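Now for the letters of each chain:
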Amino acid sequence: WSMGGEPPAVGICAMDSVIAGGALLTLVSCGSMWRSRAMADCQRLLRGHWRKAAGAFRKEDASCADLAFMVFIWSASLLLRMHECGLSRGMFAVNALGFGLASGVIMGMSSYVLGICRCLTQMMDMFCCRVIEEPDFAEAVREWSLLQSLCRRACATIQFGFLTLQATMTATVLLTVTQTTRHGAPRLLSLAPGLVLCLAVVRAPILAAAVTDKCVRVPVLVNSISVGNDLDEDRMYAVHYIIQSQAGFYLFDMRLTSSSLLKTAYVACACTFALATQVL
């Protein structure tokens, strides 16, 4: 994206290339290019299950808060880019529009992933509440089977978009570190909009790992339910079934947990520090 007759700033062009590439890959991964209905069908299935099982839970509050946060992050990044480009430069509207569209695609995909994770988390909570209120373990096994099927379907639908978001965030951080190391703090200002977008994208793996954490704790909760018999066979079967199902948030058949997320973050921080100090 050029800025009038002047040569474009290297930092701005590099960051815009990363954001635009991430937005394009996001559109490809979610099937928007060929009008795929996979994401819409997945959301319809989750909504249908939610409406049948919803009680006193309020998913809408968390979803509205996530949406407000995404809009705030998108607006902040766009304002930073507009400030960096400068109102007096030519092609200002084109620069702002291009960055706004590309970053908007990334924010939209992030919002969708967060919404799916929120919905799965709330469905786990509803399952636990119903088992406690009505300890019918045979029905609990059937419901858990449906719940884990919905979870795997949702994960399979968003896994490509999820991976694209994380790859875009990683490229943005690495670009910022390398450019700042070579050119100092002034270059950091031109790359700030991309870093602001990363604040929204980084929430996706955290909420995804929370889905798996809830699934891991469900067998402990079910096993603690007292039905008057400490060695209830139906309860033991339900506990073993839930454990063996290995439900959770999966990316390409790999289970995403908080421990794996922390290990990945540790390695990423170590690599970033090594790159920043020019050890590599």
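The text that follows walks through the structure, step by step, so that each part is easy to find. (Residues numbered from 1 in each chain as written. Predicted model: local features only at pLDDT ≥ 70, side-chain atom pairs only at ≥ 80, totals over all residues. Heavy atoms only, no water.)

Quick look at the pattern of salt bridges now. The full count for this structure, using the stated rule, is 4 salt bridges. The partner of Arg 130 in a salt bridge is Glu 143, and the shortest N-O contact between them spans 1.7 Å. On the criterion of sequence distance, the pair formed by Arg 130 in helix H4 (residues 92-133) and Glu 143 in helix H5 (residues 137-183) is long-range, its members being 13 residues apart. For Glu 143, a relative accessible area of 14% gives the class buried. Note that Arg 142 and Glu 139 form a salt bridge whose closest N and O atoms lie 2.7 Å from each other. Pair noted here: Arg 142 and Glu 139 are both in helix H5, with a separation of 3 residues, about one helical turn. (Salt bridge = Lys/Arg side-chain N within 4 Å of Asp/Glu carboxyl O. Helix = DSSP H or I, 4+ residues; strand = E, 2+ residues; numbered from the N terminus. Buried < 20%, exposed > 50% of the residue type's maximum accessible area, 1.4 Å probe, protein only.)

Once that is clear, we can look at the packing of aromatic side chains. Evaluation of the coordinates by the stated rule reveals 4 aromatic pairs. On the numbers, 5.1 Å between centres and 50° between planes, the contact of Phe 127 with Trp 144 is tilted. In this pair, Phe 127 is assigned in helix H4 and Trp 144 in helix H5, connecting sequence segments 17 residues apart. In this pair, the class of Phe 127 matches that of Trp 144, namely buried. Centre to centre, the rings of Tyr 237 and Tyr 241 are 6.3 Å apart; their planes meet at 25°, and the pair counts as stacked. Separated by 4 residues within a single helix, Tyr 237 and Tyr 241 lie in helix H8 (residues 233-245), roughly one turn from each other. (Phe/Tyr/Trp six-rings, centres within 6.5 Å; stacked < 30°, edge-to-face > 60°.)

In this section: the environment of Val 201. Among the secondary structure elements, Val 201 is positioned in helix H6 (residues 185-201). On the basis of relative accessible area, Val 201 is assigned to the buried category, the value being 4%. With 95 residues separating them along the chain, Val 201 and Ile 106 place their C-alpha atoms 8.1 Å apart. Once you skip the residues sitting within four places of it in the chain, Val 201 turns out to touch Ile 106, Met 107, Ser 110, Leu 165, Gln 166 and Met 169. (Contact = heavy atoms within 4.5 Å.)

A contiguous patch of negative charge, built from Glu 133, Glu 134, Asp 136, Glu 233 and Asp 234, is present on the exposed surface. For Glu 133, the location among the structural elements is in helix H4. Glu 133 gets classed as exposed once you look at its relative accessible area, which sits at 65%. (Patch = residues over 30% accessible without salt bridge, like charges linked within 9 Å, V, L, I, M, F, W, Y side chains within 5 Å. Areas by Shrake-Rupley, 256 points an atom, 1.4 Å probe, with all protein chains shown as cover. Lys, Arg positive; Asp, Glu negative; His and termini not counted. Charge placed at Lys NZ, Arg CZ, Asp CG, Glu CD.)

Further remarks concern the environment of Leu 199. Relative to the assigned elements, Leu 199 resides in helix H6. For the pair Leu 199 and Ile 73, spaced 126 residues apart in sequence, the C-alpha separation works out to 7.7 Å. Here Leu 199 is in contact with Phe 69 and Ile 73, once residues within four sequence places are set aside.

The analysis is restricted to geometry; functional conclusions fall outside its scope.
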